[in-house]
Amino acid sequence: MTELLLRLPTRHGPPTGLGPVPRDVRADHYGPLERLFQTGRAAETAGLGGVLVPHDPLGEESWTVAAGLLRHSRHLRVVAEFHPGFATPVYAAKMAVTLQRFSAQRLGWRPALDGDAAEHAAQGDFLSGPDRYRRADEFLTAAKGVWTRRPFSFEGRFYRVLEGGFDAPLTGWAFPRVYLSGTGEEALELSARHADVHLLGPADDIKAVRAELAGRSARWGRDVELGVELSVLARDDTAEARADAGSDAGPHWEGFAGLGHTLPSGLVGSYDDVAALFDDYARRGVRTFSVEALPALPEAYRLGERLLPALAEQEQARVR
Amino acid sequence: MSVDFYWRIGMHGDQRSLRERAESRGDWAPHVAGSITPALRGGAPDGYAYIEHMADVARAAESAGFYGGLMPSFPFTDDPWAAAAMLARETRTFRFMVAFQPGFLNPVHAARMAATLQRASHGRVVYNVITGGGGPAQLWWGDEVAHDDRYARTQEFLRVHRGVWQERPFDFDGRFYRVEGGALPDALAAQEFPEVYFSGSSPAAIDAAGRHADYYLSWLEPFGALAEKFAAVRAHSAATGRTHRFAVRAEVVARATEEAAWAEVRRGFEAADTAALRAGRSGDSVGAARSRAFLGGPVNGYRDLEVAPNVWGGFGLLRGGPAFGLVGSYQQVAERLDELIALGVDSFILAGVPHLEEAHRVGEEVLPLLRG
């Protein structure tokens, strides 16, 4: 079954007023995160599999947004992207288990390991190179450890725990579904050890990564699913999609940054075109599509009303 | 002068009453007939969770007139940051006093988390900065830093936290944290920095409070001891140039008559295991040691724990949490609270078991009697 996640825009826009004419009765009842929470509701109502709340030092903080989204939905998977340096693994696990308990286990984790040195320094983080992966490995090992075992002790380079581990009723809940990405050796090894889903870019060599991951994860007795992360612009017909993207856009397009997207690469076309391209990925083993489509609220409905049925048709055809 | 009254949200379930120590609200104890376990209906999962009850307590406190509620944090509890973020949008005025140990969070990320929660809640975040009780619980969290160094770390944390929020861009090079060019984005930095309630009874704590706290928060103690503690904090803050407000946490058993209130306590005491009075010394908390010292004498009956009129030190036997609280008629409890206000207390964190019903009772029966 295909999982479709919608990336939420958490960068703040300028505040919008109503102007001098309409009587504004919103007062304190509606705040600056309202649009974001309503976008989550739209994804829920439109039947998408979930949303990704990105880590963005210049945007809203992902855990706080994720908690609100989980509280205001019933089915949506909410994947919070975060920097592993944001908290100790024990504290992160504690926050996560509360969210899991109170959301019927719909939280996902996306540890973010990318970003440049200056950005990290501004966050108080001076680790670089392979150490970032080592810390992420320790972070996930310790978080899973306290989650699943008691007593749990851990002694690593970055973290130590002595006789830790959760007690009932914080025990027995599913660990957050872990999404990781990257094509380097360290990234693939980290995914082999910890990822439930490994996300690739649309132009990555899926076959090669799939083989490499299968070999590495088998050594840990694990199985890692594949996902792609990409932008989407789907319209009633190919011509309309191209017109909205810009006339030069082919079905695979690198120009999404010009439309304000964070993910520059993605797909442009009719719903059937895009569904067929998704199906190409699905045939190569991709199960998760983490999608950026803007503006996110109307696009959530569009994806639910238009793309999901087209995908279901493709899937039926493939199974037949 | 107005005083802020906070209530408490149980992050660890709740009891039906103080008469029997069984957490039958929430999922901390096995489900039996009469358990309030929002999550199970007829024994089957129903899509609800314990947070429904937390939301009910928050709304009860909100409508009863409390300014907000403390959300404590221990190894065995749910997490207050996560719970507050879930409850932000379904309460209106209730302020979320989030208890946390700064050492477990990165100060820059925590600033962004708090500022986003300020935006989600219209500025209803309050900090209860705790620096840890030491002992095995500290190691459970993965923290090996010793007592006074933990306060030094807390100070650095709050310095960086405030710096990236209010002095952008902010550079820092300390023992525990280093930041280059840290800054919240404009929309987050525009949020008000949360009020800081700071706990800790040791000299290291009082020094840290003097530099970073808006409210110096103490457990209830015999009033003379509290007055001395406040004087020490005042003397220290005179040296650092900051003025302080004071806050006190107190359990409350208030009934229409004094007899009814003590009868409630007596029933709980008679069912309790009094050996627990001598237990619980594994940490390095100075506040907990002070509480024990006030209860030095032999304990033959529940009134032996009444160290001053209406001030009872046996609550640790009846439920998890601090030892001291006020027991008496509505009028007596109000008078004791007024005496504390006269000592300089500007804010209270009250609590009563069960939290839902007692929020209404204390809000309706005790708070209106205060004269300030």
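Residues numbered from 1 in each chain as written. Chains lettered and ligands numbered in written order. Predicted model: local features only at pLDDT ≥ 70, side-chain atom pairs only at ≥ 80, totals over all residues.

What is the right way to read the overall build of chain B from this model?
Each helix and strand counted, chain B has 13 helices and 15 strands in total. Projecting the C-alpha coordinates of chain B onto the three principal axes gives extents of approximately 60 × 55 × 40 Å. Going through the 372 residues of chain B one by one, you find that 53% of them count as buried. The contacts in chain B between residues at least 6 apart in sequence include a share of 69% that link residues at least 24 apart. (Helix = DSSP H or I, 4+ residues; strand = E, 2+ residues; numbered from the N terminus. Buried ≥ 20, exposed ≤ 12 C-beta atoms within 10 Å, placed from the backbone. Contact = placed C-beta atoms within 7 Å.)

Just to check I follow, could you spell out the UniProt feature "domain: Luciferase-like" (unreviewed entry) in chain A for this structure?
According to UniProt, the "domain: Luciferase-like" (unreviewed entry) feature falls on residues 20–253 of chain A. The annotated region residues 20–253 of chain A carries 39% helix and 20% strand content, and the separation between its end C-alpha atoms amounts to 42 Å. (UniProt positions renumbered as here; feature names shortened; annotations may be inferred.)

I tried to follow the interface of chain B and chain A on my own but got confused; where do I start?
Accessible area lost when the parts come together is the quantity often used to give the size of an interface. Residue-level contacts link 45 residues of chain B with 45 residues of chain A. Elements that contribute at least two residues to the side of chain B that touches chain A include exactly α2 (80–87), α3 (107–121), α4 (135–140) and β8 (178–182) of chain B. Counting residues per element, the side of chain B that touches chain A draws most heavily on α3(B), which supplies 9 residues. Its residues placed into classes, the side of chain B that touches chain A shows 28 nonpolar, 8 polar and 9 charged. (Nonpolar A, V, L, I, M, F, W, Y, C, P; charged D, E, K, R; others polar.)

What's the story with unusual backbone geometry in this structure? I'm lost.
For residues besides glycine, phi is generally negative; the peptide bonds are generally trans as well. A cis amide bond links A:R150 with the next residue in sequence, A:P151, at an omega value of 0°. For A:P151, the location among the structural elements is in the loop between α5 (130–148) and β5 (152–155). In this chain, B:V353 is followed by B:P354 through a cis amide linkage whose omega measures -5°. Residue placement: B:P354 occurs in the loop between β15 (345–351) and α13 (355–366). The backbone of A:Q105 shows a phi angle near 65°, a positive value even though the residue is not glycine. Position of A:Q105 among the secondary structure elements: in the loop between α3 (89–101) and β4 (107–111). Residue class for A:Q105 comes out partly exposed when judged on the 16 C-beta atoms lying within 10 Å of it. Phi at B:H122 takes a positive value of approximately 60°, unusual for a residue other than glycine. Mapped onto the secondary structure, B:H122 falls in the loop between α3 and β6 (125–129).

Could you clarify how one ought to interpret the packing of helix α2 (residues 62–71) of chain A against α2(B) in this entry?
Packed helices, taken two at a time, are described by the angle their axes make and the gap between the axes. Here α2(A) crosses α2(B) at 55°, and the two axes come no closer than 7 Å. One element, α2(A), and the other, α2(B), form an angle in the oblique class. Taken as a pair, α2(A) and α2(B) cross one another with a handedness that is right-handed. Across from A:W63, A:T64, A:A67, A:G68, A:L70 and A:R71 in α2(A), the residues of α2(B) making contact are B:A82, B:A85 and B:M86. (Axes fitted to C-alpha atoms, helices over the stretch in contact; angles between N-to-C directions. Parallel < 35°, antiparallel > 145°, perpendicular 65-115°, else oblique. Left-handed = near helix turned anticlockwise from the far one by under 90°.)

What is the right way to look at the pairing of strand β14 (residues 325–329) of chain B in this model?
Consecutive side chains along a regular strand alternate between the two faces of the sheet. Residue and element names in this part refer to chain B. Burial analysis of β14 places 5 of its 5 residues in the buried class, the great majority of the element. The sheet contact formed by strand β11 (residues 245–255) and β14 spans 5 bridges and is parallel. Bridging from a neighbouring strand, E251 pairs with G325 of β14. In this sheet, β14 lies alongside strand β13 (residues 311–312) in antiparallel orientation, the contact comprising 2 bridges. Looking at β14, one finds that V311 is bridged to L326. (Pairing = 2+ DSSP bridges.)

I'm lost on the pairing of strand β7 (residues 170–173) of chain B in this one. Help?
Residue and element names in this part refer to chain B. Pairing of β7 with β8, which is carried by 3 bridges, proceeds in the antiparallel orientation. Pairing of F172 across the sheet is with V179, part of β8. Between β7 and β8, which pair antiparallel and follow one another directly, the connecting turn spans 4 residues.

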